[in-house]
Amino acid sequence: EELDYKLDKLLTEAGAPGMPGTSTMTAISGGRSFLVAGGSGMTGKALRLDLRKRYPGCRITLLSGGSLPLEPEPGEAVIRMSDAEASRGTVEADAVFALAGEPVNSRRITRGSLAANAHGRVGLMMKAAALLRAPAPFFAASAIVSDGSRLLREFRDSLEAEARKALSAEGISPVFVRFPLILGSRGMLPVLRKFARLRLMPFFLPEEKLPVTAAEDAASFLSSLPGTDSLNGARMPHQMRTLREIVREAAGNRILLPLPAPLALLRLLDPGTAELFGKYREEPGTVSRP
């Protein structure tokens, strides 16, 4: 438990709460209502909490596919994907946060799987858009990828292009938010915890620094966006860390034994996932405008 606490603290400190650096903050007009698709996920849960803190008394409508347990808090309403058509055009929202979608690295990465992933995410965005009574600011989670990762770059570009085209037909001009590598209680974090507990350092963890942030900080950045006059140049503050540094510090900087799992083996078993550990040269936390 002490090790878990240390690692959570390290990840929280990896990125500061986001605030647009070149924008002017203003109050949201209307009743401060939000629509969140993907509210049961790691970042979605943190976003719901941050929205309630930032906008006390706000109303949050959650669009849920039911793949993860969802426990609504006071002031939250839930619309299931199966009931979305019956609720079409009934939701008033000051902003929409589209976070729903299968994680990119949840299975073997191929060009076909990424295309299906992108198409599925766009479908979920369209379901969220269809619920709106009137168009609203629409913030969609995209991806930050390495310049050398052609597959992931194609995924990001095709996702944004397909979503922009589909949403424009509904009168919505989406804003795509490209995050750093988000770590939390799911995904890479439990893997790193297991390695740290066993005093092991995986060979496949790169030495180069990556833009790493905690889910809570990604949520803070997201919840700040609806209050901006201009999103041009908005980017999420971050610190460049290496995953090896995180594991070492979580283990109290004690000696760790190397785990014989080289990146070459990971590339052999799953070349797509190996691309996730390439060098990140893009500006993390950027907001891509149409």
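In the block above lies the structure referred to throughout.
Conventions used here
Residues numbered from 1 in each chain as written. Predicted model: local features only at pLDDT ≥ 70, side-chain atom pairs only at ≥ 80, totals over all residues. Heavy atoms only, no water. Helix = DSSP H or I, 4+ residues; strand = E, 2+ residues; numbered from the N terminus. Buried < 20%, exposed > 50% of the residue type's maximum accessible area, 1.4 Å probe, protein only. Contact = heavy atoms within 4.5 Å. Areas by Shrake-Rupley, 256 points an atom, 1.4 Å probe, with all protein chains shown as cover. Phe/Tyr/Trp six-rings, centres within 6.5 Å; stacked < 30°, edge-to-face > 60°. Pairing = 2+ DSSP bridges. Axes fitted to C-alpha atoms, helices over the stretch in contact; angles between N-to-C directions. Parallel < 35°, antiparallel > 145°, perpendicular 65-115°, else oblique. Left-handed = near helix turned anticlockwise from the far one by under 90°. Core = buried A, V, L, I, M, F, W, Y, C linked by side-chain atoms within 4.5 Å. Arc of directions from axis to C-beta.

**Comments concerning the overall build of the protein**
Thought 1: Summing up its helical and strand segments, the protein has 9 helices and 12 strands in all.
Thought 2: Per-residue burial over the protein gives 52% buried out of 290 residues.
Thought 3: Here the analysis covers contacts within the protein between residues at least 6 apart in sequence; of these, 80% occur between residues at least 24 apart.
Thought 4: Accessible area for the protein stands at about 13600 Å²; split by element, carbon and sulfur atoms hold 54% of it.

**A closer look at the packing of aromatic side chains**
Thought 1: Inspection of every chain in the model, using the stated rule, returns 4 aromatic pairs.
Thought 2: Taking 6.5 Å as the distance between ring centres and 80 degrees as the angle between the ring planes, the aromatic pair formed by F179 and F221 counts as edge-to-face. Placement of the pair is F179 in the loop between β6 (175–177) and β7 (181–183) and F221 in helix α6 (residues 215–224), with a sequence separation of 42 residues.
Thought 3: Residue F221 is classed as buried on the basis of its relative accessible area of 0%.

**A short note on the sheet that holds strand β1 (residues 33–37)**
Thought 1: Pairing within the open sheet is mixed, and its 7 strands lie in the order β3-β2-β1-β4-β5-β6-β12. Where the open sheet ends on each side, the last strands, each with one partner, are β3 (76–80) and β12 (287–288).
Thought 2: With 5 bridges joining them, β1 and strand β2 (residues 59–64) adopt parallel strand pairing. The partner of F34 across the bridge, within β2, is I60.
Thought 3: Packed on one face of the sheet, helix α4 (residues 150–168) meets β5 (138–141), β6 and β12 and runs near 155 degrees to β6.

**Here we look at the packing of helix α2 (residues 42–54) against α6**
Thought 1: One way to put it is that α2 packs onto α6 with a least axis distance of 8 Å and a crossing angle of 50 degrees. Looking at the two axes, α2 sits oblique to α6. Crossing angle aside, the handedness with which α2 passes α6 is right-handed. Seen from α2, the contacting residues are M42, T43, A46, L47, D50, L51 and R54; seen from α6, they are A215, E216, A218, A219, S220, L222, S223 and S224.

**Describing the nonpolar core**
Thought 1: If you look at the biggest cluster of nonpolar residues, it comprises 32 residues, and the most contacted ones within it are L35, L63, V96, M125, L131, L132 and F138.
Thought 2: Listed by contribution, the elements that provide at least two residues to this core are β1, β4 (95–98), α3 (111–131), β5 and α4.
Thought 3: Counting residues per element, this core draws most heavily on α3, which supplies 7 residues.
Thought 4: With residues near it in sequence (within four places) discarded, V96 still touches L35, A128, L132, A136, P137, F138 and F139.

**Some details on the environment of L222**
Thought 1: Tracing the backbone through its elements, the reader meets L222 in helix α6.
Thought 2: Placed 82 residues apart in sequence, L222 and A140 show a C-alpha to C-alpha distance of 9.7 Å.
Thought 3: The contact partners of L222, leaving out residues within four places of it in the chain, are T43, L47, F97, L99, V177 and F179.

**So, the sheet that holds strand β10 (residues 239–241)**
In a beta sheet, neighbouring strands are held together by backbone hydrogen bonds and run either parallel or antiparallel to one another.
Thought 1: Across the sheet, which stays open at both edges, the 3 strands sit in the order β7-β9-β10 with mixed pairing between neighbours. Edge strands, defined here as strands with exactly one partner in the open sheet, are β7 and β10. The average angle at which neighbouring strand axes cross in this sheet is 55 degrees, direction not considered.
Thought 2: Each of β7 and β9 (210–214) is contacted by α6, which is oriented at about 85 degrees to β9, the strand it contacts most.
Thought 3: Across the face of the sheet, helix α7 (residues 243–250) comes into contact with β7, β9 and β10 while running at roughly 80 degrees to β10.

**Notes on α7**
Thought 1: What α7 keeps buried is the set L243, R244, I246, V247 and A250. Down the axis of α7, the buried side of the element spans an arc of 160 degrees, and every buried residue falls inside it.
Thought 2: One or two steps after α7, the chain reaches G252, where phi turns positive at roughly 70 degrees.

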